[in-house]
Amino acid sequence: MPDPYAGGLVKESPYAKKEPVMGRIVAVLRLRMDARELELIKQPSRAVVRGEVHELIVTGEDAGPGSKVDNVAYLGFFEVLNSGVILAGDEVKWGTANLGRLAGFDLTHFPNHLNIVLHSDVTKTGEELGLELGSTVQFSSPA
């Protein structure tokens, strides 16, 4: 049987409720690229496990599961503080600041880490935003 997302069998989100996932910034990045060619997987969700480290990347492009992303700014790496599910469309916040909407996942460096791509009108690097080591990020369903 094919993957239900890639096969187009899932027509609407199966998630009635889910807990927010919290993370702690462990590295702040200052890189940007204009021709990155990230390929977001078709699956809109990923389970993340406490203790894993993943990368946050932001784009201003209209991106979602299954799309390609070129223009990016790198925010940083975070450690997952509680296991859970993160989903395309989740709001991603750093403290009270909105970092963007989760657009999708790129597996270029997997299984070392996921590239978690956010969409935002503000495409600054982590350094430009003033991200701080040890500060928290939160993934949660839109209000």
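For the structure itself, look to the data block above.
The written sequence of each chain sets the order in which its residues are numbered from 1. Whole-chain, interface and lining totals are the exception, using all residues; otherwise, since this is a predicted model, local features are given only for residues with pLDDT of at least 70 and side-chain atom pairs are given and counted only at 80 or more. To obtain the side-chain values, all non-hydrogen atoms of the structure were included, while hydrogens and water were left out.

Caption draft 1: Focus on the pattern of salt bridges. A side-chain nitrogen of Lys or Arg and a carboxyl oxygen of Asp or Glu constitute a salt bridge if their distance falls within 4 Å. Applying the stated criterion across every chain yields a total of 4 salt bridges. Ionic pairing is found between Glu 127 and Arg 30, a salt bridge with its closest N-O pair at 3.2 Å. Residue Glu 127 is located in helix 1 (residues 126-129), and its partner Arg 30 is located in the loop between strand 1 (21-28) and strand 2 (32-33); the two are separated by 97 residues in the primary sequence. Each residue's exposure class comes from its accessible area (1.4 Å probe, protein chains only) as a fraction of the maximum for that residue type: buried when under 20%, exposed when over 50%, partly exposed otherwise. Take Glu 127: its relative accessible area is 45%, and that puts it in the partly exposed class. Where helices and strands are cited, they refer to DSSP runs of H or I of at least four residues and of E of at least two residues respectively, numbered from the N terminus.

Caption draft 2: Highlighting the packing of aromatic side chains. Ring pairs shown here join Phe, Tyr and Trp side chains whose ring centres sit within 6.5 Å, with only the six-membered ring taken for Trp; geometry is labelled stacked below 30 degrees between planes, edge-to-face above 60, and tilted in between. Overall, the coordinates contain 1 aromatic pair when judged by the stated rule. Judged by centre distance (5.4 Å) and plane angle (40°), the rings of Phe 78 and Phe 139 are tilted. With Phe 78 in strand 7 (residues 72-80) and Phe 139 in strand 12 (residues 136-140), this residue pair connects regions lying 61 residues apart in the sequence. Each member of the pair, Phe 78 together with Phe 139, is buried.

Caption draft 3: Geometry of the nonpolar core. Among the nonpolar cores identified, the biggest contains 22 residues, and Ile 116, Leu 118 and Phe 139 are the most heavily contacted of them. When residues of this core are traced back to their parent elements, those giving at least two are strand 1, strand 5 (53-59), strand 7, strand 9 (91-94), strand 10 (97-106), strand 11 (115-119) and strand 12. Any two residues having at least one pair of non-hydrogen atoms within 4.5 Å are treated as being in contact. For Leu 118, the contacting residues outside a window of four places in its chain are Leu 56, Ile 57, Val 58, Thr 59, Leu 75, Val 92, Leu 99, Arg 101, Leu 102 and Ala 103. In this structure, Leu 29, Ala 63, Tyr 74 and Phe 77 belong to the second largest nonpolar core, which totals 11 residues. Side-chain atoms within 4.5 Å link the members of a nonpolar core, which is a set of buried Ala, Val, Leu, Ile, Met, Phe, Trp, Tyr and Cys residues.

Purely geometric numbers; function is a separate question.
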